[in-house]
Amino acid sequence: MRVLLVEDERALAGYVKKGLEENGWAVDAVEDGRSALDWVGTVDYDVMILDLMLPQIGGLEVCRRLRQRGLTTPVLMLTARDALKDRVSGLDAGADDYLPKPFEFEELLARLRALTRRRNGVTKTGVLTVADLSLDPAAHRVRRAGLEIDLPYKEFSILELLLSQPGRVFSRSQIADHVWDMETLHQSNVVDVHIRNLRRLIGDGRGQTLIETVRGVGYRVQAPGGRS
Ligand code: CA
């Protein structure tokens, strides 16, 4: 998952970024509303954490402009006060959820997961399943044919993306956008390298193949019983 974090309190931003990265998220952090609007227009974020009180363009205005542009990126608004007025204005401006400060990191993470789940139309439990493979984002757990598989974070994120829409082909750049942040330089074949590793770890190719290469386009996980 890739998140845009918009927060001008550096200590808090640093804490959130570090925590999310430790949980395998790719995080781009900006400190003001204008940069937020620039970035959200160029990268397809899975979710955005937006502080209410920001320099220049405030969180409410960022949210409003975002929706005016037709962008549906889920927004979690951070409010300094738990005032009813702030919550209502946030939701009216197009935010999907809000979290009053101070908050526990675990709650932030749970809300982000709920927002990305909703966007991807995943079932309530959040567990993604195709054939004999299942992935539980909350527990960071992958099983195939009943056996638990320990995946590194990048491989986990790629698999999570592919499983979010079985049958859909994701290009290499879509996968890279989703899994790496803007500060991480990577070589063009980095996605292929991680896909190869992922296939090896989930035992793909021995018997049933789940991750397909679509020549010249990218990769997909075949929908259950689906034929292309
Ligand atoms: Ca602030």
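Residues numbered from 1 in each chain as written. Predicted model: local features only at pLDDT ≥ 70, side-chain atom pairs only at ≥ 80, totals over all residues. Heavy atoms only, no water.

Novice: Account for the overall build of the chain, with residues named and values stated.
Specialist: Along the backbone of the chain there are eight helices and twelve strands. In terms of overall dimensions, the chain is globule-like: its C-alpha atoms have a radius of gyration of 18 Å, near the 17 Å expected for 228 residues. By principal-axis analysis of the C-alpha atoms, the chain measures approximately 55 × 35 × 30 Å. For the chain, the proportion of its 228 residues judged to be buried stands at 48%. Long-range pairs, those at least 24 residues apart, make up 59% of the contacts in the chain with a sequence separation of at least 6. Taking the 32 positively charged and 33 negatively charged side chains of the chain as two groups, their mean positions are separated by 6 Å. (Helix = DSSP H or I, 4+ residues; strand = E, 2+ residues; numbered from the N terminus. Rg over C-alpha atoms; globule rule 2.2 N^0.38 Å. Buried < 20%, exposed > 50% of the residue type's maximum accessible area, 1.4 Å probe, protein only. Contact = heavy atoms within 4.5 Å. Lys, Arg positive; Asp, Glu negative; His and termini not counted. Charge placed at Lys NZ, Arg CZ, Asp CG, Glu CD.)

Novice: Summarise the packing of aromatic side chains; cite the residues concerned and give the values.
Specialist: One pass over the full model with this rule turns up one aromatic pair. Aromatic pair Y15 and F105: ring centres 6.2 Å apart, planes at 75°, arrangement edge-to-face. Here Y15, found in helix α1 (residues 10-22), pairs with F105, found in helix α5 (residues 105-120); they are 90 residues apart in sequence, far enough to count as distant. For F105, a relative accessible area of 11% corresponds to the buried category. (Phe/Tyr/Trp six-rings, centres within 6.5 Å; stacked < 30°, edge-to-face > 60°.)

Novice: Give a description of the domain arrangement of the chain that names residues and reports values.
Specialist: Domain boundaries assigned for the chain yield domain 1 (2-122) and domain 2 (126-221). A C-alpha centroid distance of 26 Å is found between domain 1 and domain 2. Between domain 1 and domain 2, the residue contacts involve 16 residues of the former and 15 residues of the latter. Summed over both partners, the interface of domain 1 with domain 2 comes to about 1300 Å²; 52% of that surface belongs to carbon and sulfur atoms. (Domains from an automatic or database assignment. Buried area = accessible area lost by both parts, 1.4 Å probe.)

Novice: Break down the coordination of the calcium ion for me, citing the residues and quoting the values.
Specialist: Four donors placed tetrahedrally about a metal ideally form angles of 109.5 degrees, and six donors placed octahedrally ideally form angles of 90 or 180 degrees. Listed as protein donors to the calcium ion are D8 (OD), D51 (OD) and M53 (O); their distances from the metal cover 2.1 to 2.3 Å. Going along the chain, you hit the donors of the calcium ion in the pattern D-x42-D-x1-M. Assessed through its relative accessible area of 3%, D51 is described here as buried. (Donors = N, O, S within 2.8 Å, 3.2 Å for Na, K, Ca; no water.)

Novice: Can you tell me about the packing of helix α6 (residues 153-164) against helix α8 (residues 190-201), naming the residues and giving the values?
Specialist: For the pair α6 and α8, the least separation of the axes is 9 Å and the interaxial angle reads 85°. Taken together, the axes of α6 and α8 are roughly perpendicular relative to one another. Facing α6, whose interface residues are K154, E155, I158, L159 and L162, α8 presents H194, I195, N197 and L198. Of the residues assigned to the contact of α6 with α8, the class counts are five nonpolar, two polar and two charged. (Axes fitted to C-alpha atoms, helices over the stretch in contact; angles between N-to-C directions. Parallel < 35°, antiparallel > 145°, perpendicular 65-115°, else oblique. Nonpolar A, V, L, I, M, F, W, Y, C, P; charged D, E, K, R; others polar.)

Novice: Describe in detail the sheet that holds strand β9 (residues 147-149), supporting the description with residues and values.
Specialist: Reading across the sheet, the four strands line up as β6-β7-β8-β9 and stay open at both edges, with antiparallel pairing between neighbours. Two strands lie at the open edges of the sheet, namely β6 (128-130) and β9, each paired on one side alone. Each strand of the sheet is rotated relative to its neighbour by a mean of 20°, with strand direction disregarded. As paired strands, strand β8 (residues 141-144) and β9 are joined by three bridges and run antiparallel to one another. Residue pairing for β9: R143 is matched across the bridge by E148. Along the sheet, α6 makes contact with β6, β7 (133-136) and β8, crossing β7 at roughly 110°. (Pairing = 2+ DSSP bridges.)

Novice: Can you explain the sheet that holds strand β5 (residues 97-100)? Please cite residues and give values.
Specialist: Spatial strand order, β2-β1-β3-β4-β5: five strands in an open sheet with parallel pairing. Two strands in the sheet have a free side with no partner beyond their single neighbour: β2 (26-30) and β5. Averaged over all neighbouring strand pairs, the angle between strand axes comes to 20°, with direction disregarded. By the bridge criterion, four bridges tie strand β4 (residues 75-79) to β5 in an arrangement that is parallel. Opposite M77, over in β5, you have Y98 as the bridge partner. Each of β1 (2-6), β2 and β3 (47-51) is contacted by helix α2 (residues 33-42), which is oriented at about 165° to β1, the strand it contacts most.

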